[in-house]
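Fold and geometry: a report
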Amino acid sequence: MDVIPGDMVVNAMMVAMAAHSEERAQTIYHVTSSLRNPAPYAILADTGHRYFYDNPPRTGRNGEPARLNKMRFFSTVARLSLYMAVRYRLPLEMLRLVNIALCGVFSRRYDDLSRKYRFIVQLIELYTPYSLFKGCFDDMNTERLRMAMKKEQDSNNAEEYYFDFDPKSVDWDSYFYGVHIPGVLKYMRD
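Before going into details, it helps to say that this report is about the structure given with it. (Residues numbered from 1 in each chain as written. Predicted model: local features only at pLDDT ≥ 70, side-chain atom pairs only at ≥ 80, totals over all residues. Heavy atoms only, no water.)

Our next topic: the overall build of the protein chain. The helix and strand inventory of the protein chain stands at six helices and zero strands. What you see in the protein chain, going N to C, is helices and strands ordered as α-α-α-α-α-α. What you see for the protein chain is a C-alpha radius of gyration of 22 Å, clearly larger than the 16 Å of a compact globule of 190 residues, by over 25%. Once the C-alpha set of the protein chain is aligned to its principal axes, its extents read approximately 75 × 35 × 30 Å. Across the 190 residues in the protein chain, those meeting the buried criterion constitute 24%. In the protein chain, the share of contacts with a sequence separation of at least 24, taken over all contacts with a separation of at least 6, comes to 71%. Carbon and sulfur atoms form 58% of the exposed surface of the protein chain, whose accessible area is close to 13,500 Å². (Helix = DSSP H or I, 4+ residues; strand = E, 2+ residues; numbered from the N terminus. Rg over C-alpha atoms; globule rule 2.2 N^0.38 Å. Buried < 20%, exposed > 50% of the residue type's maximum accessible area, 1.4 Å probe, protein only. Contact = heavy atoms within 4.5 Å. Areas by Shrake-Rupley, 256 points an atom, 1.4 Å probe, with all protein chains shown as cover.)

It is the contact of helix α3 (residues 77-101) with helix α4 (residues 107-131), at a shortest axis distance of 10 Å, that shows an interaxial angle of 165 degrees. Relative to α4, the element α3 lies roughly antiparallel. Taken as a pair, α3 and α4 cross one another with a handedness that is left-handed. For the pair α3 and α4, contact is made by Val 77, Leu 80, Met 84, Tyr 88, Arg 89, Leu 92, Glu 93, Leu 95, Arg 96 and Asn 99 and by Ser 107, Arg 109, Tyr 110, Leu 113, Ser 114, Tyr 117, Ile 120, Ile 124 and Thr 128, respectively. (Axes fitted to C-alpha atoms, helices over the stretch in contact; angles between N-to-C directions. Parallel < 35°, antiparallel > 145°, perpendicular 65-115°, else oblique. Left-handed = near helix turned anticlockwise from the far one by under 90°.)

So, on to empty space enclosed by the protein. In the structure shown here, the tally under the stated rule is one cavity of 30 Å³ or more. By volume, the largest cavity is sized at about 50 Å³. As for the largest cavity, its lining consists of His 30, Val 31, Thr 32, Asp 139, Thr 142, Glu 143, Arg 146, Phe 165 and Pro 167. Across the lining of the largest cavity, the residue classes break down as three nonpolar, three polar and three charged. (1 Å grid on protein atoms, 1.4 Å probe; cavity = no way out; pocket = protein on both sides within 12 Å on 5 of 7 lines; lining within 4 Å. Points joined across faces, edges and corners; volume = space filled by probe spheres on them. Nonpolar A, V, L, I, M, F, W, Y, C, P; charged D, E, K, R; others polar.)

Structural data, given as structure tokens:
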């Protein structure tokens, strides 16, 4: 999986702009982790499970935590879509029909489950291009830029490395747990 924290992308952009401010030529930089520090799905799955175990979503009327199961991974969108249709969409449609037949008795429950289903579908649509992508990007230009910046910083006796965009420095477990998952939950709400 090729993931990179947004602040590293911004840092690389700022360093690239400073390094090429006097040039007219264009250099392409891929800020990527796929070669130097890939983020395996197993880490995302384990970290996600641990995050939701430690921070269970509250779903019941009394605020009781949701039941937590291990995450499932699918190799194709078609398999995931089939699973979602059989496991969730079909029962949701049956609830809708029962709700209509009973003059809206289950409207609140249907609306709540439908909203949750749409949220999950949104997440699937958001992550599909990234999660099923099998390519790797050449990041040699970015590595050269990083090394040149580090060399200049070292020659100026700078004590801190201000514009870090080294993918090897990312602790994926910590990043997913402390930044990525909470950010998705915060900004993907209805």
